[in-house]
Amino acid sequence: CLGFFIHDLNRQIAQLYVEQLELYDGKPFLLYRGQSLSMDDFEKLQKTRDGLISFNSFLSTNTDRSTSLRSADLAAKKEN
């Protein structure tokens, strides 16, 4: 069951990639992430091999830098 889910997710990501590639004429584009890490997750990230870590939250990205900076600023004001 999990294998089917991962296969379907991979297919959807590949489809979105093709669609978005056409929107940008095949040129690279920047995405910004306005989300913070807890101190625990940050320390785990520093200690992991090759910088890999799993998350239990959705990683949101945006093409608008200012939107991501506002989100990051709000997250930075939260405790921990």
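Reading the values: the criteria
- Residues numbered from 1 in each chain as written.
- Predicted model: local features only at pLDDT ≥ 70, side-chain atom pairs only at ≥ 80, totals over all residues.
- Heavy atoms only, no water.
- Helix = DSSP H or I, 4+ residues; strand = E, 2+ residues; numbered from the N terminus.
- Expected span 1.5 Å × (residues − 1).
- Contact = heavy atoms within 4.5 Å.
- Salt bridge = Lys/Arg side-chain N within 4 Å of Asp/Glu carboxyl O.
- Buried < 20%, exposed > 50% of the residue type's maximum accessible area, 1.4 Å probe, protein only.
- Patch = residues over 30% accessible without salt bridge, like charges linked within 9 Å, V, L, I, M, F, W, Y side chains within 5 Å.
- Areas by Shrake-Rupley, 256 points an atom, 1.4 Å probe, with all protein chains shown as cover.

Enquirer: Just to check I follow, could you spell out helix α1 (residues 2–23) for this structure?
Expert: Residues three or four positions apart in an α-helix share a direction because the helix packs 3.6 residues into each turn. Over its 22 residues, α1 extends 32 Å from the first C-alpha to the last, a length consistent with the 32 Å expected when each residue adds 1.5 Å. Backbone geometry just after α1 places Asp25 at a positive phi near 50°.

Enquirer: What's the story with the side chain of Ser68 in this structure? I'm lost.
Expert: Structurally, Ser68 is set in helix α3 (residues 65–76). Leaving out residues up to four positions away in the same chain, Ser68 has contacts with Tyr32, Arg33, Gly34 and Asn62.

Enquirer: Please explain the pattern of salt bridges as it appears in this structure.
Expert: For side chains bearing opposite charge, pairing can occur when the charged atoms are close. A complete count under the given rule lists 2 salt bridges for this structure. Linking Asp8 and Arg11 is a salt bridge whose minimum nitrogen-to-oxygen distance equals 2.8 Å. Here Asp8 and its partner Arg11 are both found in helix α1, 3 residues apart, which amounts to about one turn of the helix. Classification of Arg11 as partly exposed rests on a relative accessible area of 43%. The salt bridge involving Lys77 is made with Asp73; its shortest N-O contact spans 3.3 Å. Since its relative accessible area comes to 63%, Lys77 is described here as exposed. Residue classification places Asp73 among the partly exposed positions, given a relative accessible area of 40%.

Enquirer: Can you walk me through a nonpolar patch on the surface in this structure?
Expert: Taken together, the side chains of Leu2, Phe5, Ile6, Leu9 and Ile13 present a nonpolar region at the surface, about 510 Å² in accessible area. Mapped onto the secondary structure, Ile6 falls in helix α1. Taking relative accessible area as the criterion, Ile6 reaches 48% and is therefore assigned partly exposed.

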